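Residues per chain are reported as follows:
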Amino acid sequence: MTAQTYVPSLLSRAGAVSALTLAAVTGTMLVPGAASEAQAAPHSAKALKVAASKRGSPYKYGATGPYRFDCSGLTLYSFKKAGKRLARTAQAQYNQTRHISASSRRQGDLVFFHYGRSVYHVGIYAGRGKIWHSPKTGSLVRLEKIWSKKVWYGRVR
């Protein structure tokens, strides 16, 4: 019997069952939104690994890999390899993601640098205040500390 068929039978037998009781019995939590968050985590983790594997790749404006990247090209390529589609530009990627607070950020989330309402740069959050990104002409893909307080965070759905 799968958890999908087991849980409804538990509910019908027991009446109202708390989420904690269900978690104890089935090993899962049935919380609104939890499934989509849980499904997003493997994609984000894989995208982070892909971005890290591109360390040292040169920046090239408009490039989307596999050997050269601009900032949004690196995020697009990394998430594509992880099975998710992203828009091409940093601004469009920001518009496509679920916006989250800094306190909710996790490894694999996108970090958007902005001026006013306009996003001008994107990287993949690596944890400990650092991102993987392709910074600018003449530089290489690298891990770097977030240098600005003017950032927004987005989670790829």
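The structure displayed is predicted, hence computed values, not measured ones. (Residues numbered from 1 in each chain as written. Predicted model: local features only at pLDDT ≥ 70, side-chain atom pairs only at ≥ 80, totals over all residues. Heavy atoms only, no water.)

Caption draft 1: Spatial organisation of the overall build of the chain. Within the chain one finds five helices and six strands. If you list the helices and strands of the chain from N to C, you get α-α-α-α-α-β-β-β-β-β-β. A buried classification covers 41% of the 157 residues belonging to the chain. Partitioning the intrachain contacts of the chain with sequence separation of at least 6 by distance along the chain shows that 50% fall at a separation of at least 24. Counting every atom, the chain has about 9300 Å² of accessible surface; 56% of that belongs to carbon and sulfur. (Helix = DSSP H or I, 4+ residues; strand = E, 2+ residues; numbered from the N terminus. Buried < 20%, exposed > 50% of the residue type's maximum accessible area, 1.4 Å probe, protein only. Contact = heavy atoms within 4.5 Å. Areas by Shrake-Rupley, 256 points an atom, 1.4 Å probe, with all protein chains shown as cover.)

Caption draft 2: How the structure looks around the nonpolar core. If you look at the biggest cluster of nonpolar residues, it comprises 22 residues, and the most contacted ones within it are F79, L110, F112, V122, I124 and W132. Residue assignment for this core shows that the elements contributing at least two residues are α3 (34–53), α4 (71–81), α5 (90–96), β2 (110–115) and β3 (118–127). The contact partners of F79, leaving out residues within four places of it in the chain, are H43, S44, A47, K84, L86, G108, L110, I124 and V156. Core analysis: the second largest hydrophobic core is formed by eight residues, I100, F113, Y125 and Y153 among them. (Core = buried A, V, L, I, M, F, W, Y, C linked by side-chain atoms within 4.5 Å.)

Caption draft 3: Molecular detail of α4. When you tally the buried positions in α4, you get nine out of eleven residues, the bulk of the element. Of the positions making up α4, those classed as buried are C71, S72, G73, L74, T75, L76, Y77, S78 and F79. With its phi angle positive at about 95°, G83 sits one or two positions after the end of α4.

Caption draft 4: Representation of a nonpolar patch on the surface within the structure. A cluster of nonpolar side chains, Y115, Y120 and W147, forms an exposed patch at the surface whose accessible area comes to about 420 Å². Among the structural elements, Y120 can be located in strand β3. (Patch = residues over 30% accessible without salt bridge, like charges linked within 9 Å, V, L, I, M, F, W, Y side chains within 5 Å. Salt bridge = Lys/Arg side-chain N within 4 Å of Asp/Glu carboxyl O.)

Caption draft 5: Here's a closer look at the pairing of β3. When you tally the buried positions in β3, you get eight out of ten residues, the bulk of the element. The pairing of β3 with strand β4 (residues 130–133) spans three bridges and is antiparallel. Across the sheet, Y125 pairs through a bridge with I131, a residue of β4. (Pairing = 2+ DSSP bridges.)

Caption draft 6: Focus on the pattern of salt bridges. Inspection of the entire model under this criterion finds three salt bridges. Put simply, R155 and D109 hold a salt bridge, and the shortest N to O gap is 2.8 Å. On the criterion of sequence distance, the pair formed by R155 in strand β6 (residues 151–155) and D109 in the loop between β1 (98–100) and β2 is long-range, its members being 46 residues apart. With respect to burial, R155 and D109 carry one shared label: buried. Close ionic contact of R142 with E144 constitutes a salt bridge, the shortest N to O distance being 3.1 Å. You can call R142 partly exposed: its relative accessible area is 32%.

Caption draft 7: Spatial organisation of the packing of aromatic side chains. Scanning the entire structure with this criterion turns up six aromatic pairs. A ring pair is formed by F69 and Y77, whose centres lie 5.3 Å apart and whose planes are at 65°; its orientation type is edge-to-face. Classification of Y77 as buried rests on a relative accessible area of 13%. For the ring pair Y125 and Y153, a centre distance of 6.4 Å and an interplane angle of 85° mean the geometry is edge-to-face. Of this pair, Y125 sits in strand β3 while Y153 sits in strand β6, and the two are 28 residues apart along the sequence. The two residues Y125 and Y153 agree in class, both being buried. Ring pairing ties together the aromatic residues Y94, F112 and W152, which thus form one cluster. (Phe/Tyr/Trp six-rings, centres within 6.5 Å; stacked < 30°, edge-to-face > 60°.)

Honestly, it's all geometry; don't read function into it.
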